[in-house]
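Architecture and fold: a report
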Amino acid sequence: MSWDPDQYARFGGERLRPARDLVNAISAARPARIADLGCGDGRATELLAARWPDAEILGVDDSQSMLDAAAKLGLRAEWRRDGIDTWQPGSRFDVVFSNAAIHWLPDHATLLPRLLDAVAPGGALAVQMPRNFAAPSHALLFDLAESPSWRARLAPLVRRQPVQDPQWYYDVLAPRARSIDIWETEYVHALSGDRPVVEWLKGTWLRPFLHALGPDAPVFEAEYARQVAAAYPRRADGKTLFPFRRLFMVAMR
Ligand SMILES: C[S@@+](CC[C@H](N)C(=O)[O-])C[C@H]1O[C@@H](n2cnc3c(N)ncnc32)[C@H](O)[C@@H]1O
């Protein structure tokens, strides 16, 4: 999947709010080493650096365009191009943080314990993932992709449930953690613009579908936009409300 930092940043304020909530939920007092996995354009890393200015920070991402955007922030951090699943931590980190990234990877039953293993005793694994895949924004995309006109090319891209429920993550992490805090928040974003839900998805889930279609992408996008507009009607003030559920977990070692 190729990422476009400018498209992703269009809703930067809304996207950063869960990262801020996650950073604020970490109780580690003075972490010396922090890893931000799937650091993207570095905006969430910046929150970590602001809270712990003395910490050594490593940002890991497999998208060069996102890492280039992160490097422009001028943070005192090391940026490394690597996969979250191939990353070798070397010695342990006091905080392993990942905001809105791990849902892109499969096999959480293997991945999350491995990430918790990278945390030093007394430290924290802090993760946030969207859990919004049954919402109209995503369900309509998947339904359209699996409709007769498109399924030959798009069905392999559909992932209806990349994130499990909170109980599942509790059971995976509890045997290895000293304590676990798991919660969900549904943000209700009030978005501006003509078709903000489509523009939001164009920063993330819609991208690979459009990319796969090449010159046919505008036809698919127009049909998706028509369905999304009906599912998210504008309010009287012109805004579009976009409820978005997210799952958070902080596991202490
Ligand atoms: C939605 S962005 C989130 C960026 C940032 N964490 C934030 O909160 O703004 C997801 C990021 O995860 C990265 N990513 C997705 N899968 C990855 C993988 N397997 N290994 C490394 N990075 C990955 C993408 O390149 C992208 O920058």
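Residue indices begin from 1 for each chain and proceed along its sequence in written order. Two thresholds apply to this predicted model, a pLDDT of at least 70 for residue-level local features and 80 or more for giving and counting side-chain atom pairs, whereas whole-chain, interface and lining totals are computed over all residues. Only hydrogens and water are set aside when side-chain values are computed; all heavy atoms of the structure are taken into account.

Here we come to the pairing of strand 3 (residues 78-81). At least two bridges found by DSSP between two strands is the condition for calling them paired. Runs of H or I in DSSP of at least four residues are treated as helices and runs of E of at least two as strands, each being numbered from the N terminus. Pairing between strand 2 (residues 56-61) and strand 3: four bridges, direction parallel. Bridging across to strand 3, Asp61 finds its partner in Arg81. You can see the chain leave strand 2, run along helix 4 (residues 64-71) and come back into strand 3, and the turn it takes is right-handed. Viewed with both strands pointing away, a crossover whose connecting path from the first strand over the helix to the second turns clockwise is right-handed.

Let's shift gears to the layout of surface pockets. Using protein atoms alone on a 1 Å grid, points that fit a 1.4 Å probe yet trap it form a cavity, whereas open point sets bounded by protein on both sides within 12 Å along at least five of seven lines form a pocket; residues with an atom within 4 Å of a point count as lining. Grid points are joined across faces, edges and corners, and a volume is the space filled by probe spheres set on the points. Here the largest pocket is characterised by a volume of approximately 570 Å³. What lines the largest pocket is a set of 27 residues, and nearest its centre among them are Trp3, Gly38, Asp61, Ala101 and Trp104. Mapped onto the lining of the largest pocket, the elements with two or more residues apiece are helix 2 (12-24), helix 3 (43-51) and strand 2. Of all the elements, helix 2 adds the most residues to the lining of the largest pocket, at three residues. For the lining of the largest pocket, the class distribution of residues is 14 nonpolar, five polar and eight charged. By the convention adopted, Pro, Cys, Tyr, Trp, Phe, Met, Ile, Leu, Val and Ala count as nonpolar, Lys, Arg, Asp and Glu as charged, and the other residues, Gly among them, as polar.

Let us look at the packing of aromatic side chains. Working definition: rings of Phe, Tyr and Trp (its six-membered ring) pair if their centres are within 6.5 Å, and the pair is stacked with planes under 30 degrees apart, edge-to-face with planes over 60 apart, and tilted otherwise. According to the stated counting rule, one finds 13 aromatic pairs in the structure shown. Between Trp183 and Phe248 the ring centres are 4.9 Å apart and the planes differ by 5°, which places this aromatic pair in the stacked class. Residue Trp183 is found in strand 6 (residues 179-191), and its partner Phe248 is found in strand 7 (residues 240-252); the two are separated by 65 residues along the sequence. Only protein chains enter the area calculation, which uses a 1.4 Å probe; residues under 20% of their type maximum are buried, those over 50% are exposed, and those in between are partly exposed. Taking the relative accessible area as the measure of exposure, Phe248 reaches 0% and is therefore buried.

Function cannot be inferred from these measures alone, as they are strictly geometric.
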